[in-house]
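Listed below are the residues making up each chain.
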Amino acid sequence: MTEFVREEWQFLSTILLWVMVAVFLGPVALAFIPLTLLALKSRELWADMIMGLLLVLVLSDMNKVVTSMQVFKSVKEVYVVLLAMFLLLERDRFMPFSGVFTIFLPFFLYSVFPLVWSNNLLVGIQKTFSYMLMFLIVPNYLLYNYRRLGWPFFRNLIFLIVTILLMGFIFSRINPSGANVGGRFNGVFGNPNGLGIFCFLSMLLFGVLMGINRELFSWRERLLIYAVIFYFLIISGSRASLFATMVFVLFARFFAYSPFLGFMVLVALFGVVEVVSRNMEVIILALGLEEYFRLRTLEDGSGRYFAWQFAWEQIQSYIVFGGGFANDEYIMRKNYAYLERMGHQGGVHNSYLSMWFNVGAVGLAIYLRSFVLLFIKAGKMVPMALAAMFAILFSIMYESWLVGSLNPWTIVLLMIMTVVSEEEIVNWREVGPDSVKEEALRQAGLAVEGDEEASELDQPRPVPVF
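Presented here is a report on the structure given in the accompanying data block.

Reading the values: rules and limits
- Position labels on residues start from 1 in each chain and follow its written sequence.
- Reporting in this predicted model follows two pLDDT cut-offs: at least 70 for local features of residues, and 80 or more for side-chain atom pairs to be given and counted; totals over whole chains, interfaces and linings ignore these cut-offs and use all residues.
- Note: side-chain values were computed over all heavy atoms of the structure, leaving out hydrogens and water.
- Buriedness of a pocket was judged along seven lines, with at least five required to meet protein on both sides within 12 Å; pockets are open sets of points on a 1 Å grid over the protein atoms alone, cavities are sets where a 1.4 Å probe fits but cannot get out, and lining residues have an atom within 4 Å of a point.
- Grid points are joined across faces, edges and corners, and a volume is the space filled by probe spheres set on the points.
- Strands are runs of DSSP state E lasting at least two residues, helices are runs of H or I lasting at least four, and both sets are numbered from the N terminus onward.
- In this count, Pro and Cys sit with the nonpolar residues alongside Ala, Val, Leu, Ile, Met, Phe, Trp and Tyr, while Asp, Glu, Lys and Arg are called charged and the others, Gly among them, polar.
- The working definition used for a salt bridge is a side-chain nitrogen of Lys or Arg within 4 Å of a carboxyl oxygen of Asp or Glu.
- Burial here depends on accessible area, computed with a 1.4 Å probe over protein chains only, as a share of the maximum for the residue type. Under 20% is buried, over 50% is exposed, and the range in between is partly exposed.

## Digging into the layout of surface pockets
Stage number 1. For the second largest pocket, the calculated volume is near 680 Å³.
Stage number 2. Around the second largest pocket sit 23 residues that line it, and Leu 16, Val 19, Met 167, Ile 170 and Ile 174 are the ones nearest its centre.
Stage number 3. Elements with a minimum of two residues in the lining of the second largest pocket: helix H2 (9-25), helix H4 (46-61) and helix H10 (151-174).
Stage number 4. Of all the elements, H10 adds the most residues to the lining of the second largest pocket, at seven residues.
Stage number 5. When grouped by side-chain class, the residues that make up the lining of the second largest pocket number 20 nonpolar, three polar and no charged.

If you want it as structure tokens, here you go:
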């Protein structure tokens, strides 16, 4: 961890500068941060660019508790467009492209069609294309940085995630009321459930990386990372994220031993869950955890069950083809006063229903087909990928984060998808990042054997941004 801070102090200083500009100069950040991104590009700091996107998305979620962070909601849109431009203008250096975008291409092609019935066409178009861009940008930038930097890139990425979580402690000292909501800790995220989802996905990313390369971290580093993620997961009080994490941790071992055994144990779990759910109140009271599990809200799922019922009634008007991206937000906001009177605040809180709102049963089926297909194929190389898939499918039942693109959670999911599905990462012992990089450059015509000038093109240049 100290090594990460020492090596990445320039990047961390740049992020701190972004925050200071946003807090004290407000709208100036709209120009300052994109200019900084151009500086990173000119210095070939591609790793800083994708890690910067993760931080911008985290800070944009923070606007719910800190008004000065509102500017990051606009910054993230410009940031993503610039990354997409860099990718398209210098596509040769990214060749061969990641397969994640390709496997979801049928969904992206279809998702334009429901916009015909959109209630807010401009917003719907923006969200549709931002979703496409994230699936294009994140996997390719992740893969390209792995080719350039190897496994140290993933080390730094995990330590950056740990740093983001630890930043919550600093923020809680500066703004205690902003870092805590209803007695639950949310750190630098907009709400405690957001922190819980981030911890859950971070655990999945860390788990699959360790499953592929156990030499990536020392045992002390592994202990630190596990402790930090679990600690913040617990204090977030997110019941769904805690259970989803336990599903992954438990079934990762079964799937690693035998995919068939893992699947059979998962089926058996459904029966156990049914028995436990019927006696949940008694079990929680016996353990003395009624406050942590918020027993008074357990029966109605913190208002989720009512929201699901209401959403399902509204979906009947869009049941086959949907109403385009942002349709779920439009319907729920339109009925906000009624939902609030009935004791519910927020959106649908279910990614399946939100996706159904937006792209209908047809689009939902196409998306799930791509999602499941990716993880099943990945499971042949990384068995614990199947455990990750089932854990994610459980998590999205209680939150709508999967439908959003420019949030701190979808980007981590895309990182997980890339890691488990790209053969050059999974089969790193046989292939090796250096040989992949040389072959990729050779195919793109950027390098030939003995061409020192062309080879230098792809070397990292750790030059300060400021």
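## Comments concerning the pattern of salt bridges
Oppositely charged side chains may form a pair once their charged atoms are brought near each other.
Stage number 1. Summed over all chains, the structure comprises seven salt bridges.
Stage number 2. Here Glu 90 and Lys 41 are joined by a salt bridge, their closest N and O atoms 2.4 Å apart. Separated by 49 residues along the polypeptide, Glu 90 in the loop between helix H5 (71-89) and helix H6 (91-94) and Lys 41 in helix H3 (residues 29-42) bring together distant segments of the chain.
Stage number 3. On the accessibility criterion, Glu 90 (22% relative accessible area) is partly exposed.
Stage number 4. Relative accessible area serves as the criterion here: at 16%, Lys 41 is assigned to the buried category.
Stage number 5. Across the pair Arg 155 and Glu 221 runs a salt bridge whose closest N-O atoms are separated by 3.0 Å. One end of the pair, Arg 155, is in helix H10; the other, Glu 221, is in helix H13 (residues 219-236), and 66 residues separate them in sequence.

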